[in-house]
Number of protein chains: 2
Amino acid sequence: MIRDSRLSSVLHGLLHMIGAGEPVTSEQLAQAMATNPVVVRRVMAGLREQGLVHSEKGHGGGWTLTRDPADINLADIYRAVGAPTIVAMGHRSENPGCLVEQAVNDALGDTFREVEALFLKRLGAVTLDALAKDFKRRLAKHKQSLEDQIHAVK
Amino acid sequence: MIRDSRLSSVLHGLLHMIGAGEPVTSEQLAQAMATNPVVVRRVMAGLREQGLVHSEKGHGGGWTLTRDPADINLADIYRAVGAPTIVAMGHRSENPGCLVEQAVNDALGDTFREVEALFLKRLGAVTLDALAKDFKRRLAKHKQSLEDQIHAVK
DNA sequence: CCATCATGTAACATATGAAGTTACATGATA
DNA sequence: TATCATGTAACTTCATATGTTACATGATGG
């Protein structure tokens, strides 16, 4: 089953970076991602390897996006964050000679690949930019709702 | 990601039960599933709740299939073995008010359901009977291969 | 009726991997 | 050259799945 808390976490960080205008430190991202700086670096390292972000040391350093958010999709991020295979089934001993495993894989091998392909295809259809815009829309709505409450009290 | 060792394990057990003709004890299943009797009972309990198997205590007791293997498919087993949701994404704190989560879920909620549906649909297309037959075919072939090797040595 | 066999289940132990933490090295900037 | 920020190794939790022990319950055969 696909239950990725890392993707979600990273998206928090990336959304934070969009519009920041300047490098964002691991310290700052750690707050956005509700974790600590070292974990941030560890996770972001995957994105850097895929060329999605860049890191800079020293004063004024931190993390920046290397591409336009419209050119980054969620599949890119999912892969970068380290998702080996989505679907897999196997015995602990991973016995390749096991005839039961062979029968299962023969019956479902294509299915596994197909499910994975569908998942990545859909992730690929959502850009970071689109997500950011939707997020901003929700944020504005949320603020409006809060203001309305304040006015109602007045 | 879907990485179920339990389904695989259970299939070993069920294939062992098919053709046994009589109740199979947890002790015996434990060997087929490469684990121990208590774990077998724990896992099989899920199948029993779904009405796939029946358990009997005392002398001559053990586990039996309650249905024709042709009427049991892998989706039945997968569900019975305890697969809550296949695809899920969320922060540890599972904050329902989080606007990022909301944006992601809005963008991918349907995808999650679609991927899960595809996976279960494909599992549902494979019956336990079909799997058993394929397994037997492989077993026969394997034996033949071993005999050929013996003859070659002679 | 009682010894035996088998499941049912709680309680505890162990193993595995993810996440968090500490410590320190490296490089960049003022 | 003091400070800031990343890079990374090593270690410590923490959560979860699995394995184990122990004992209760129920069924069967003598």
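In the block above lies the structure referred to throughout.
Residues numbered from 1 in each chain as written. Chains lettered and ligands numbered in written order. Predicted model: local features only at pLDDT ≥ 70, side-chain atom pairs only at ≥ 80, totals over all residues. Heavy atoms only, no water.

A.B. asks: Explanation requested: the overall build of chain A in the structure shown.
C.D. replies: Of regular secondary structure, chain A possesses six helices and four strands. For chain A, the α and β elements follow one another from N to C terminus as β-α-α-α-β-β-α-β-α-α. Every one of the 154 residues in chain A was classed for burial, and the buried ones make up 45%. Long-range contacts, defined here as pairs at least 24 residues apart, represent 62% of the contacts in chain A between residues at least 6 apart. Split by element, the accessible area of chain A, about 8,400 Å² in all, is 51% carbon and sulfur. (Helix = DSSP H or I, 4+ residues; strand = E, 2+ residues; numbered from the N terminus. Buried < 20%, exposed > 50% of the residue type's maximum accessible area, 1.4 Å probe, protein only. Contact = heavy atoms within 4.5 Å. Areas by Shrake-Rupley, 256 points an atom, 1.4 Å probe, with all protein chains shown as cover.)

A.B. asks: I tried to follow the packing of aromatic side chains on my own but got confused; where do I start?
C.D. replies: Any pair of aromatic rings gets described here by the distance separating the centres and the angle formed by the planes. All chains considered together, the criterion is met by four aromatic pairs over all chains. Aromatic rings pair up to connect Tyr78(A), Phe119(A) and Phe112(B) into one cluster. (Phe/Tyr/Trp six-rings, centres within 6.5 Å; stacked < 30°, edge-to-face > 60°.)

A.B. asks: I keep staring at the pattern of salt bridges and nothing clicks. Help me out?
C.D. replies: Any two side chains of opposite charge can pair if their charged atoms end up close together. Residue and element names in this part refer to chain A. Scanning all chains against the criterion turns up 14 salt bridges over all chains. Between Arg138 and Asp134 there is a salt bridge whose closest N-O contact spans 3.3 Å. Taken as a pair, Arg138 and Asp134 lie in helix H6 (residues 128-153) at a separation of four residues, close to a single helical turn. (Salt bridge = Lys/Arg side-chain N within 4 Å of Asp/Glu carboxyl O.)

A.B. asks: What's the story with the protein's contact with DNA strand D in this structure? I'm lost.
C.D. replies: Neighbouring DNA strand D are 25 residues, the closest being Ser26(A), Arg41(A), Arg48(A), Thr35(B) and Arg42(B). What you see for DNA strand D is that sugar and phosphate hold 61% of its atoms within 4 Å of the protein. A distance of 3.4 Å is found between a phosphate oxygen of DNA strand D and a side-chain nitrogen or oxygen belonging to Arg6(B). Between DNA strand D and Thr35(B), the relevant distance is 2.8 Å, taken from a phosphate oxygen to a side-chain nitrogen or oxygen of the residue. (Near = heavy atom within 4 Å. Polar contact = N/O pair within 3.5 Å; in protein donor to acceptor, adjacent residues only side chain to side chain.)

A.B. asks: Help me out: how do you make sense of the pairing of strand E3 (residues 62-65) of chain B in this one?
C.D. replies: Along a regular strand, successive side chains alternate from one face of the sheet to the other. All names here are of chain B. Across four bridges, the pairing between strand E2 (residues 53-56) and E3 is antiparallel. Considered in E3, the bridge of Val53 is made with Leu65. Counting the residues between successive antiparallel strands, the hairpin from E2 to E3 contains five residues, one of them, Gly58, with a positive phi of roughly 75 degrees. (Pairing = 2+ DSSP bridges.)

A.B. asks: When you look at the protein's contact with DNA strand C in this model, what are you seeing that I'm missing?
C.D. replies: Neighbouring residues of DNA strand C: 25 residues in total, closest Thr35(A), Arg42(A), Ser26(B), Arg41(B) and Arg48(B). Restricting attention to atoms of DNA strand C within 4 Å of the protein, one finds that 61% of them are sugar or phosphate atoms. The separation between a base oxygen of DNA strand C and a polar side-chain atom of His59(B) is 3.2 Å. For the surface near DNA strand C, the secondary-structure elements that each account for two or more residues are helix H1 (5-17) and helix H3 (37-49) of chain A together with helix H3 (37-49), E2 and E3 of chain B. With four residues, the top contributor of residues to the surface near DNA strand C is H3(B).

A.B. asks: Got a minute to help me understand the environment of Leu128(B) in this structure?
C.D. replies: Tracing the sequence through the fold places Leu128(B) in helix H6 (residues 128-153). C-alpha of Leu128(B) to C-alpha of Ala70(B): the two residues are 58 residues apart in sequence and 6.1 Å apart in space.

A.B. asks: Honestly, unusual backbone geometry in this entry has me stumped. Any pointers?
C.D. replies: Leave glycine aside and you will find that most residues have negative phi; peptide bonds, for their part, are mostly trans. At Ala34(A), a residue that is not glycine, the phi angle is positive and equals roughly 55 degrees. Its place among the elements puts Ala34(A) in the loop between helix H2 (26-32) and H3.

A.B. asks: I keep staring at H6(B) and nothing clicks. Help me out?
C.D. replies: Every α-helix carries 3.6 residues per turn, so stepping three or four residues along brings you back to the same face. Over its 26 residues, H6(B) runs 38 Å from end to end, which matches the ideal 38 Å to within 8%, given 1.5 Å per residue. If you check which residues of H6(B) are buried, you get Leu128(B), Leu131(B), Ala132(B), Asp134(B) and Phe135(B). (Expected span 1.5 Å × (residues − 1).)

A.B. asks: Help me understand the nonpolar core in this model?
C.D. replies: General note: in soluble globular proteins, nonpolar side chains tend to be found buried as a group. Formed by 84 residues in total, the largest nonpolar core has its most connected members in Ile77(A) and Ile77(B). Leaving out residues up to four positions away in the same chain, Ile77(B) has contacts with Leu7(B), Val10(B), Leu11(B), Leu14(B), Leu47(B), Leu52(B), Ile72(B) and Leu128(B). (Core = buried A, V, L, I, M, F, W, Y, C linked by side-chain atoms within 4.5 Å.)

A.B. asks: Would you explain the packing of helix H5 (residues 99-124) of chain A against helix H5 (residues 99-124) of chain B in this entry?
C.D. replies: For any two helices packed against each other, one specifies the crossing angle of their axes together with the interaxial distance. Where H5(A) meets H5(B), the axes come as close as 10 Å, and the angle between the chain directions of the two elements is 170 degrees. Here H5(B) runs roughly antiparallel to H5(A), going by the angle between their axes. Listed contacts from H5(B) to Leu108(A), Thr111(A), Phe112(A), Glu114(A), Val115(A), Leu118(A), Phe119(A), Arg122(A) and Leu123(A) of H5(A) are Leu108(B), Thr111(B), Phe112(B), Glu114(B), Val115(B), Leu118(B), Phe119(B), Arg122(B) and Leu123(B). Grouping the amino acids of the contact of H5(A) with H5(B) by side-chain chemistry returns twelve nonpolar, two polar and four charged. (Axes fitted to C-alpha atoms, helices over the stretch in contact; angles between N-to-C directions. Parallel < 35°, antiparallel > 145°, perpendicular 65-115°, else oblique. Nonpolar A, V, L, I, M, F, W, Y, C, P; charged D, E, K, R; others polar.)

A.B. asks: What am I meant to see in H3(A) here?
C.D. replies: Residues and elements named next belong to chain A. Over its 13 residues, H3 extends 18 Å from the first C-alpha to the last, a length consistent with the 18 Å expected when each residue adds 1.5 Å. Listed in full, the buried residues belonging to H3 are Pro37, Val40, Val43, Met44, Ala45, Gly46 and Leu47. Capping the start of H3 is the job of one residue whose side-chain oxygen sits 3.0 Å from the backbone nitrogen of Val38: Asn36. Looking at the residues trailing H3, positive phi occurs at Gly51, about 75 degrees.

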